[in-house]
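Below, each chain spelled out in residue letters.
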Amino acid sequence: MALPKPPQWAVRLLQRICPTEVLEEVEGDLHEAFVWRHKTRGAAYAKRKYIWEVFKSFHQVKIKVKTQHSGIMLLHNYFKTGLRFLWKTRGYSTLNILGLAIGIAISWLAFVFVTDEYSFDGFYEKADRTYRIKASMGFGDKPSIFAGSSYLMGEELPRQIAGIELSSRYKSGFFLGKIDREFINQVTHYADGDFFDIFDVNFLIGGAGTFNDPSTVVISESTALRYGIPADLSSDEITLVLDNEEARFKVIGIYRDFPGNTSIRPEILMPFSLWAQANQRRTTIWFDINMNCFFTLAEGVSVNEVEQQMTDILLQNDEFEADVALGLQPLTDIHLNPELRTGNGINARGDNQMILITAIIGAFCLLIACVNYANFAVGNYLVRLKEVALRKVFGAEKTGIFKQFVVEAFTSSFLALFLSVGIIYIIMPAFATYANKSYELSVIFSQKFLLGGVGIMLLSTVLAGLYPALLLSRFKTVAGLKGKARLGGRNLLSKMLVTLQFCIAVFLLASMLTLNKQLNFLLNYDIGYNGENLVRIFRPIEEESLKNTFKNRLLGLSGIQNVSIASGFNGTDYRTDEGEQVIVRHARVDTDYLETMGMELLQGRNFDPGIATDFTKACIVNEAFVKARGMENAVGTTINFSYGDFSKPTIIGVVKNFNFESLHTPVQPLILYMGGYLTTYDTHVKVDAMNQALMEQIEAIHNEMFAPYPLNYTLVEDDIANQYELETNIQKVSRGGSIIAIVLSCMGLMGFVGTQIRQRLKEVSIRKVVGARARQIFGLYLGKYLLLLILGVVTGISVAYWIMQGWLNNYPEHVSFGMGIMFFSVSSVLVVAILTIYSQLFKAMRLNPVKYLKEE
Amino acid sequence: MSDYSLGTLEETILIILLMQEESHGVEIAKVYEEHMKQAISLPAIHMVLKRMEKKGLVKSSFGEPTPERGGKRKKLYRATPTGYKVAHEIQERRTQMWSQVPKASFNYGIA
């Protein structure tokens, strides 16, 4: 009978882990035991035991590694020499590792932010097949694109197009929520039954069912908590108020809160049938864009085909003069696409500038830090070459030397990674505020981001270590031993890297300054009205008498100068006698509007309460309107504008352009009038000075007249500032980023110049002995670096000019890049750089030549 | 004796070697299991033998290759005179100490 054999893979494993001198004994013993156990206890037991004992033999690995694995032994040695060298040059090493740590910290943070933003909405199971409706409308060369759909589109398109698997409309609604006896503003969302399928809504209890009954709602877990709805739905009634009427709704399900990285975060979901009941008129209009609509397409269905079908169906049912087309925007595109407006229940960032800028700053900071490291490592070549040459004499190969320097870069990066956690801890709170995120330090320790951090560290190892490793491993051994080493021409790359750093620094600085200038311009731009001491109260009022009472009671308070009640700015079109279509914005105001808002009348007169026709047949237009219509004498002209029963007004005045929307868009033609039926929402109150007591008095009047609605007001000044919040935040982030980049570049220059000077102290000494003065030495060496600096700076400024000019063109009103910025950024970087060089040359200029010449 | 501190397992295996005069891993394991009524893994024995060899308590030599060892030679261990002395001393001290344990005590129920 042949003897049984243990599993071969286990034998091979054993052979790998045991040092040769014990292998025979161990392998033999284990084999013998296997045969014995096989005979006494059976094959399976013997095999199991064998494998077990092979694993238990792993303690031999330690001995094997220590004594027999040359690769690992060498690695150990590389770490040791690397650390010793770091310690030997600890001044520069600290600078260097600190630089790397800053670079890693900044790019790590950028990585966290950017991946977080890009993960938006992608986690839904059907995210790759889910779209929302968008529409484009062209009156000429540039079609306007907007996201949104009508009720009817959400009803008919899924019914008629087979490729649409699931569909849900989505729209926000505004109610008052009643908790005990208190009322709070409550945003709700209307949705259709498929919504829960599209967005994987996870019900803790109950469910949405067909979601048709307008008296039922489903709410999120946190909302349930707020309204005191128990988790078991033992009490399931919530009370919401709309139009002064309390309505009770039955909660039929509680769902888990939506996660943070989605644009869709409803607190209370209501069936669309509820909205349809209240808006019968709007349920039959095809092109009445006022809500969002999500479609999930069936697998394998082409998006283009569905888009075409959608457009076809729309055109069959409605007639347009303009080119109208419907389209689909991918769900995952919503969060960052600045082109399509958000709103109607979607809370997306709708912007990608911040992300782009953060990513650029992160990448640049890492690059600069790595270049610093590489230059420093190369700068020390003289010291290291002897060591390298000796290693080679003893049989080291090129790859070995290469590995050694990569390992050293790794050691530094690794230390820097730890340091960077501390740096992130310091800058995280500020960054989180500007990025509109609730980040805490613990964010970076989540698996995904920790891996990212380690990835960045490895990347910086490669970036920082590759160049010195290549350079030093290729050096001639004999030259190194003789100490004749001069890198000569090859130093060119080092010089280029320094140049690149300053190129980046100037680029960032100039961009930051441009950003700054543009923002200050926007904030100080004459917006055409005065937001100072102006309070805007949001309160829809229908009845004329109620308006007057409210107004008069407010004016009765001391400290109030003016009150004006106006509608929002709506859009419509009308036709001229020649049949030309005119698109305008219009608003309903009152006689006190211009004065309250501090607007300037350029021609004609203001509305006069004493003239009856001013209420029915008069309007005031803005400059943009006059310009768009090409009018010579606007005042006195009658226009064909009509809205409801207000029609054909005569222009009585022209008001100076004021920005009723964002400064991101140019001022549109506008018509102001006093008649019509537009609901007025905004009560503007001009006060002498803002103070708490006055606001309390205003609130008392408001509550007395409009209870249970709470007072909802903003300061117009804040509103204006809020419009530029994004720019302000970008400005702060980019300011921080560019300062860090400049500091890093200077650290690099310091290291580069410093190491070079140290190696040329003998040369400097001889120059001094033969009579060179400090100033001459400074000039001599400065000249060497100045050319590099200027080259980098000029390249940087050109790139900045090119990119920032493009960015500025996004704004209708913008500053120019200008000589000022150019001069300032170039000169400040140069001055800082020259000071850095001076600080390093200082030592050389002050040295005692004897000290460096007495050797040899 | 004070120069050598022995662990329990070391001591047991040293005694086994003294019992057998000359032995190798698997045999030690068998004897151990027979006397101690409990299993032991070979790697553990290897580790202990290596340690004792370093301390000079045992020495080793190679035997003949056999088919049941997959053609590998046995590594045979025997105790050195020092090994014998150390083991003996331990046993004597134990015996001496044990002799002072009371022959009868109510505490242990051996009255």
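Within every chain, residues take consecutive numbers counted from 1 along the sequence as written. Naming scheme: in the order in which they are written, chains are lettered from A and ligands are numbered from 1. In keeping with the model being predicted, local features are shown solely for residues with a pLDDT of at least 70 and side-chain atom pairs are shown and tallied solely at 80 or more, while totals for entire chains, interfaces and linings include all residues.

S.K.: Sorry, what's going on with the overall build of chain B here?
M.R.: Helix and strand labels come from DSSP, where a helix needs a run of H or I of at least four residues and a strand needs a run of E of at least two; each type is numbered from the N terminus. Looking only at helices and strands, chain B has four helices and two strands in total. Three exposure classes are used. Buried residues have 20 or more other C-beta atoms within 10 Å of their own C-beta, exposed residues have 12 or fewer, and partly exposed residues fall in between, all C-beta atoms being placed from the backbone. Relative to its 111 residues, chain B shows a buried fraction of 27%. Contacts in chain B between residues at least 24 apart in sequence constitute 49% of all its contacts with a sequence separation of at least 6. Placing C-beta atoms from the backbone, we regard two residues as in contact once those atoms come within 7 Å.

S.K.: Explain the UniProt feature "transmembrane region" (unreviewed entry) in chain A here, please?
M.R.: Residue and element names in this part refer to chain A. UniProt positions are given in the numbering used here, feature names are shortened, and annotations may be inferred rather than shown by experiment. When the UniProt feature table is mapped onto this chain, "transmembrane region" (unreviewed entry) is found at residues 94–114, 354–383, 404–428, 448–472, 492–515, 736–757, 778–803 and 815–838. Summarising residues 492–515: 100% helix, 0% strand, and an end-to-end C-alpha distance of 34 Å. Helix makes up 100% of residues 778–803 and strand 0%, and the two end C-alpha atoms of the span are 36 Å apart.

S.K.: Would you mind showing me how to read helix α11 (residues 303–317) of chain A here?
M.R.: The α-helix winds at 3.6 residues per turn, so residues separated by three or four positions along the chain end up facing the same way. For a helix, the expected span equals 1.5 Å multiplied by the number of residues minus one. Spanning 15 residues, α11 of chain A covers 22 Å between terminal C-alpha atoms, matching the ideal 21 Å at 1.5 Å per step. In the core, the buried residues of α11 of chain A are packed alongside α7 (151–160), β3 (164–179), β10 (292–297) and β11 (323–330) of chain A.

S.K.: Where do I start with the sheet that holds strand β23 (residues 713–715) of chain A in this structure?
M.R.: Strand pairing in a sheet is mediated by backbone hydrogen bonds. Such pairs are either parallel or antiparallel. Residues and elements named next belong to chain A. The criterion for strand pairing is that DSSP finds at least two bridges linking the strands in question. If you trace the four strands from one edge of the open sheet to the other, you get β13-β22-β12-β23, paired in antiparallel fashion. Of all strands in the sheet, those bounded by a partner on one side alone are β13 (560–566) and β23. The sheet shows a mean angle of 20 degrees between the axes of neighbouring strands, taken without regard to direction. Bridge analysis of strand β12 (residues 534–541) against β23 gives three bridges, and the strand direction is antiparallel. From the neighbouring strand, Ile537 faces β23, where its bridge partner is Tyr713. Note on definitions: angles span 0 to 180 degrees between N-to-C directions of axes, and those axes are lines fitted to C-alpha atoms, for helices only across the stretch in contact.

S.K.: Any chance you could explain the packing of helix α12 (residues 353–379) of chain A against helix α15 (residues 447–473) of chain A here in plain terms?
M.R.: Residues and elements named next belong to chain A. The N-to-C vectors of α12 and α15 enclose an angle of 30 degrees; their axes lie 9 Å apart at closest approach. One element, α12, and the other, α15, form an angle in the roughly parallel class. Here α12 and α15 pass one another in a crossing that is right-handed. Packed against α12, whose contacting residues are Leu366, Ala369, Cys370, Tyr373, Ala374, Ala377 and Val378, the element α15 presents Ile456, Ser460, Leu463, Ala464, Tyr467, Pro468 and Leu471 at the interface. Oblique is the label for any angle not covered by the other classes, which are roughly parallel (under 35 degrees), roughly antiparallel (over 145) and roughly perpendicular (65 to 115). The crossing is said to be left-handed when, going from far helix to near helix, the turn is anticlockwise and less than a right angle, and right-handed when the turn is clockwise.

S.K.: In this structure, what is going on with the environment of Tyr811 of chain A? I would like to understand it.
M.R.: Its location among the elements puts Tyr811 of chain A in the loop between α25 (774–808) and α26 (818–846). On a C-alpha basis, the gap between Tyr811 of chain A and Gln518 of chain A in space is 9.2 Å, while along the polypeptide they are 293 residues apart.

S.K.: Just to check I follow, could you spell out the packing of helix α2 (residues 20–41) of chain A against helix α2 (residues 25–36) of chain B for this structure?
M.R.: Packed helices, taken two at a time, are described by their axes: the angle between them and the distance between them. Look at α2 of chain A against α2 of chain B: their axes get within 8 Å of each other, and the N-to-C directions meet at 50 degrees. Taken together, the axes of α2 of chain A and α2 of chain B are oblique relative to one another. Facing Glu25, Asp29, Glu32, Ala33 and Trp36 of chain A of α2 of chain A, the residues of α2 of chain B in contact are Gly25, Val26 and Ala29 of chain B. When residues are sorted by character, Ala, Val, Leu, Ile, Met, Phe, Trp, Tyr, Cys and Pro go into the nonpolar class, Asp, Glu, Lys and Arg into the charged class, and all the rest, Gly among them, into the polar class. A per-class count over the contact of α2 of chain A with α2 of chain B returns four nonpolar, one polar and three charged.

S.K.: Please explain helix α3 (residues 42–55) of chain B as it appears in this structure.
M.R.: Compared with an ideal rise of 1.5 Å per residue, which puts 14 residues at 20 Å, α3 of chain B spans 20 Å between its outermost C-alpha atoms and is within 8% of the ideal. Looking only at α3 of chain B, the buried set comprises Leu42, Pro43, Ile45, His46, Val48, Leu49 and Met52 of chain B. Tucked into the core, α3 of chain B has its buried residues touching α2 and α3 (43–56) of chain A together with α1 (8–20), α2, β1 (58–65) and β2 (73–79) of chain B. Phi turns positive, to about 80 degrees, at Gly56 of chain B, one or two residues after α3 of chain B.

S.K.: Sorry, what's going on with the interface of chain A and chain B here?
M.R.: The accessible area lost on association of the parts is a frequent measure of interface size. With 17 residues of chain A at the contact, the number on the chain B side is 17 residues. Of all the secondary-structure elements, those providing two or more residues to the side of chain A that touches chain B are α2 and α3 of chain A. When residues in the side of chain A that touches chain B are grouped by element, the largest group, 12 residues, is from α2 of chain A.

S.K.: Any chance you could explain the pairing of strand β15 (residues 581–588) of chain A here in plain terms?
M.R.: Put simply, side chains in a regular strand alternate between the two faces of the sheet. Residue and element names in this part refer to chain A. The sheet contact formed by strand β14 (residues 570–575) and β15 spans six bridges and is antiparallel. Across the sheet, the residue bridging to Asn570 is His586, located in β15. Hairpin connection, β14 to β15: the antiparallel pair is bridged by five residues, and Gly579 has positive phi, about 90 degrees. Across four bridges, β15 lies against strand β21 (residues 670–673) in parallel orientation. The residue of β21 that forms the bridge with Arg585 is Leu670.

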